[in-house]
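Here's the letter readout for the chains.
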Amino acid sequence: MAITFNVIASNSTPADPLSITPGSTANDVIIEGVVSDNSGTTVTSWPASFDQIALQATTGDGMTTGVARKKSATGSEGALSTNLTNTIIGFMMSLSGADNTTPEDVTSVITNT
């Protein structure tokens, strides 16, 4: 089955907690990305059933970026909240047809500090 991009939802107004409704369908993989204009930002909680893939603070530009994913959406997710130590902006995208047992087939490598 081909992977289909379903929907992307975002919040471009800095907030904490950040609340986004992903608009997913059953068995979708949901990817969330967040950005904070503060290199000291940490995630205090991702939405339920989300696994953190990466969280990186960069000292050169003073930013923190993070990525998490939910392997198998129910299709009835409402607004999902991410809590951090500083305000952030972010997005969620929903993918159908992705392998929801092992969705990534690459390894995260972080080189920018």
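So, here is what we can say about the structure in this document.

The rules we used
- Residues numbered from 1 in each chain as written.
- Predicted model: local features only at pLDDT ≥ 70, side-chain atom pairs only at ≥ 80, totals over all residues.
- Heavy atoms only, no water.
- Helix = DSSP H or I, 4+ residues; strand = E, 2+ residues; numbered from the N terminus.
- Buried < 20%, exposed > 50% of the residue type's maximum accessible area, 1.4 Å probe, protein only.
- Contact = heavy atoms within 4.5 Å.
- Areas by Shrake-Rupley, 256 points an atom, 1.4 Å probe, with all protein chains shown as cover.
- Pairing = 2+ DSSP bridges.
- Axes fitted to C-alpha atoms, helices over the stretch in contact; angles between N-to-C directions.
- Salt bridge = Lys/Arg side-chain N within 4 Å of Asp/Glu carboxyl O.

Concerning the overall build of the chain
So, point 1. Scanning the chain from N- to C-terminus turns up zero helices and eight strands.
So, point 2. Seen in sequence order, the chain has helices and strands lined up from the N terminus as β-β-β-β-β-β-β-β.
So, point 3. When burial is assessed residue by residue, the chain has 36% of its 113 residues classed as buried.
So, point 4. Within the chain, counting contacts between residues at least 6 apart in sequence, those at least 24 apart form 77% of the total.
So, point 5. Accessible surface computed for the chain: about 6100 Å², of which carbon and sulfur atoms make up 53%.

Focus: the sheet that holds strand β4 (residues 43–45)
So, point 1. With antiparallel pairing, the three strands of this open sheet are ordered in space as β2-β7-β4. Every other strand in the sheet has two partners, leaving β2 (18–20) and β4 as the edge strands with one partner each. Mean inter-strand twist for the sheet, computed between neighbouring axes without regard to direction, equals 30 degrees.
So, point 2. Pairing analysis gives three bridges linking β2 to strand β7 (residues 80–84), with the strands arranged antiparallel. Its bridge partner lying in β7, Ile20 is registered against Leu80.

So, the pattern of salt bridges
A side chain of one charge can pair with a side chain of the opposite charge when the charged atoms of the two come close.
So, point 1. The full count for this structure, using the stated rule, is two salt bridges.
So, point 2. Among the ionic pairs, Arg69 bridges to Asp51, the shortest N-O distance being 3.0 Å. One end of the pair, Arg69, is in strand β6 (residues 63–70); the other, Asp51, is in strand β5 (residues 51–58), and 18 residues separate them in sequence.
So, point 3. Under the relative-accessibility criterion, Arg69 is labelled buried at 10%.

Regarding the pairing of strand β3 (residues 29–36)
So, point 1. With seven of its eight residues buried, β3 lies for the most part within the structure.
So, point 2. As defined by bridge partners, β3 adjoins strand β8 (residues 88–96) across seven bridges and the pair is classed as antiparallel. The residue bridging Val29 from the neighbouring strand is Leu95, located in β8.

Comments concerning unusual backbone geometry
So, point 1. For the peptide bond that leads from Asp16 to Pro17, omega is 5 degrees, which places it in the cis range.
So, point 2. With phi around 70 degrees, Asn27 is a residue other than glycine that occupies positive phi space.
So, point 3. Relative to the helices and strands, Asn27 is located in the loop between β2 and β3.
So, point 4. With a relative accessible area of 47%, Asn27 lands in the partly exposed category.
So, point 5. Although it is not a glycine, Ser49 adopts a positive phi angle of roughly 70 degrees.
So, point 6. Mapped onto the secondary structure, Ser49 falls in the loop between β4 and β5.

Function cannot be read off these values alone, since they describe shape.
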